[in-house]
Amino acid sequence: MVGMTSPSVIEVRNFSMVLGGKQIVDDLSFEVGRGETFGLLGSNGSGKTTTLRALLGIYTPTSGELLVNGAPFNPATSGPLGYLPEERGLYRKEKVIDVMTYFGQLKGMARTAAALWSMGFLRRVGLEDHARVRLDKLSGGQQQKVQVGVTVMNNPDIVILDEPTKGFDPINRRLLLDIVEDQRRAGATIVMVTHQMEEVERLCDRVLLLKDGRAEAYGTVEAVRESYGGHMVRVQYSGTLPPPQGWQVVTAERNYAEFALADGTDDQRVLRTLMDAGVTVHRFDATTASMEQVFLSIYGHAPEEASA
Ligand SMILES: Nc1ncnc2c1ncn2[C@@H]1O[C@H](COP(=O)(O)OP(=O)(O)OP(=O)(O)O)[C@@H](O)[C@H]1O
């Protein structure tokens, strides 16, 4: 994991945004280090897309600073950056391979190299038979794959993804995450908005959770899990559980239970208490709450993708 000692590629300082007379983002500050994968999370309407748009100069901030490599974003000088916006859409009347090759050239690739790379990408995502098909003849998910391809073409140093796996089935979601993971291995700094907490756990080093335009939680995935979800234990057992002593029962099924531990209760004490009460423990896992549980505890509901 890359810590905060690495130089920041992205710096957001005291960013506020008012749109249509409404305070959308309120005094937000965060940094993303080089090579880090950063998750921008939050419920619908909490200001994630607005923050990305302001970062990329699509919106002018009401106040504060948003810097890419030390200066406000400028496509000519900020270095290679790939952006998958929330609103999808390429040149819909052109053929897939022509659109991809065109974008590759815009990103500095030679025409043949861009075409070759595009064919390789289309093969990887199962669209090799669609290379010469017009984009508007593709399904929404297929078009999204092409757009992800365009975003990561020529391995940009910074990759910004607004809900990259939105609407995908689990197999295609995994395929897309593998592609993001390749970018990260190649050294890219990645900022992603997602409502998929298992993606966050798989990919993100640090996260920021936005609530009503303010930072509710900010830090490494482990630290956020620990401070918002606390410690948990999962027990597989036979016998009768004693009354809770320093824990709260979160889940109790036949022979399986999950406890949220109160501050100051350590897992070894829970194990001893169970054994002293004559419970036979078959399996005992000490863990921290999942990001899904953290999300639930902050927002009071499970994460939901933005509507199309
Ligand atoms: N141009 C605009 N004018 C007025 N309000 C806007 C504008 N753009 C966005 N908003 C409002 O700002 C709020 C935040 O929107 P934003 O798209 O940043 O949320 P989000 O966190 O990305 O949500 P989602 O998860 O649904 O994509 C919403 O209430 C939205 O309606």
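Residues numbered from 1 in each chain as written. Predicted model: local features only at pLDDT ≥ 70, side-chain atom pairs only at ≥ 80, totals over all residues.

- In the nomenclature of an unreviewed UniProt entry, the chain corresponds to ABC transporter ATP-binding protein from the organism Propioniciclava flava.
- The UniProt entry for the chain carries the following text under Subcellular location (unreviewed entry): "Cell membrane". (UniProt positions renumbered as here; feature names shortened; annotations may be inferred.)

Some remarks on the overall build of the chain
Logical step 1: When you go through the chain residue by residue, the secondary structure sums to nine helices and 13 strands.
Logical step 2: Each of the three principal axes of the chain carries a C-alpha extent, and together these read 70 × 45 × 35 Å.
Logical step 3: Burial statistics for the chain: of 308 residues in total, 35% are counted as buried.
Logical step 4: Considering only contacts within the chain whose residues lie at least 6 apart along the sequence, 68% involve residues at least 24 apart. (Helix = DSSP H or I, 4+ residues; strand = E, 2+ residues; numbered from the N terminus. Buried ≥ 20, exposed ≤ 12 C-beta atoms within 10 Å, placed from the backbone. Contact = placed C-beta atoms within 7 Å.)

Notes on unusual backbone geometry
Logical step 1: Backbone geometry places Glu163, a non-glycine residue, at a positive phi of 50°.
Logical step 2: Accessibility expressed as a C-beta count within 10 Å gives 20 for Glu163, which makes it buried.
Logical step 3: Backbone geometry at Asn255 places phi at a positive 65°, although glycine is not the residue there.
Logical step 4: Its place among the elements puts Asn255 in the loop between strand S11 (247-253) and strand S12 (256-261).
Logical step 5: What makes Asn255 partly exposed here is the crowd of 13 C-beta atoms within 10 Å.

A short note on the pairing of strand S7 (residues 189-193)
Logical step 1: With respect to burial, S7 is a largely interior element, five of its five residues being buried.
Logical step 2: By the alternation rule, side chains of S7 split into Thr189, Val191 and Val193 and Ile190 and Met192, which are all buried.
Logical step 3: The pairing of strand S3 (residues 37-42) with S7 spans four bridges and is classified as parallel. Bridge pairing in S7 places Phe38 opposite Val191.
Logical step 4: Pairing of strand S6 (residues 158-162) with S7 involves five bridges; the strand directions are parallel. Of the residues in S7, the one forming a bridge with Val159 is Ile190.
Logical step 5: A crossover links S6 with its parallel partner S7, the connecting element being helix H5 (residues 170-185), and its sense is right-handed. (Pairing = 2+ DSSP bridges. Right-handed = clockwise from strand over helix to strand, strands pointing away.)

What to know about the packing of helix H2 (residues 96-106) against helix H3 (residues 111-124)
Logical step 1: Here H2 crosses H3 at 130°, and the two axes come no closer than 8 Å. Relative to H3, the element H2 is oriented oblique. The two elements H2 and H3 meet at a crossing, and its hand is right-handed. From H2, Val96, Ile97, Met100, Thr101, Gly104 and Gln105 reach across to H3, where they touch Arg111, Ala114, Ala115, Trp117, Ser118 and Leu122.
Logical step 2: Partitioned by chemical class, the residues of the contact of H2 with H3 number seven nonpolar, four polar and one charged. (Axes fitted to C-alpha atoms, helices over the stretch in contact; angles between N-to-C directions. Parallel < 35°, antiparallel > 145°, perpendicular 65-115°, else oblique. Left-handed = near helix turned anticlockwise from the far one by under 90°. Nonpolar A, V, L, I, M, F, W, Y, C, P; charged D, E, K, R; others polar.)

Looking at the sheet that holds strand S4 (residues 63-68)
Logical step 1: Ordered by their spatial adjacency, three strands build an open sheet running S2-S1-S4, and the pairing between neighbours is antiparallel. The open sheet has two edge strands with one neighbour each: strand S2 (22-33) and S4. Sheet twist, expressed as the average angle between the axes of neighbouring strands with direction ignored, equals 15°.
Logical step 2: Here strand S1 (residues 8-19) runs beside S2; their pairing, made up of eight bridges, is antiparallel. In the strand pairing of S2, Leu19 is matched with Lys22.

Description of the environment of Ala289
Logical step 1: Note that Ala289 resides in the loop between strand S13 (280-288) and helix H9 (291-299).
Logical step 2: Residue classification places Ala289 among the buried residues on the basis of 22 C-beta atoms within 10 Å.
Logical step 3: In this structure Ala289 touches Arg225, Gly229, Gly230, Met232 and Val294, once residues within four positions along its chain are discounted.

So, the nonpolar core
Logical step 1: Leu55, Ile160, Ile190, Val191 and Val207 are the most contacted members of the largest nonpolar core, which totals 68 residues.
Logical step 2: Excluding anything up to four places from it in sequence, Val207 contacts Gly39, Leu41, Val200, Val221 and Val224. (Core = buried A, V, L, I, M, F, W, Y, C linked by C-beta atoms within 7 Å.)

Details of helix H7 (residues 221-229)
Logical step 1: What H7 keeps buried is the set Val221, Val224, Arg225, Tyr228 and Gly229. On an axial view of H7, the arc spanned by its buried residues comes to 100°, and they lie on one face.
Logical step 2: Buried residues belonging to H7 abut helix H6 (197-203), strand S8 (206-211), strand S9 (214-220), S13 and H9.
Logical step 3: In the stretch just after H7, Gly230 is the one whose phi turns positive, near 70°. (Arc of directions from axis to C-beta.)

Looking at the confidence of the model for the chain
Logical step 1: Summarising the model, the chain shows a mean pLDDT of 91, and 97% of its residues fall at 70 or more.
Logical step 2: Note on residues 1-5: pLDDT is under 50 here. Beyond four places in sequence and across chains, it has nine contacts.
Logical step 3: Among the prediction metrics, the complex's ipTM stands at 0.95, with pTM recorded as 0.84. (pLDDT = per-residue confidence, 0-100.)

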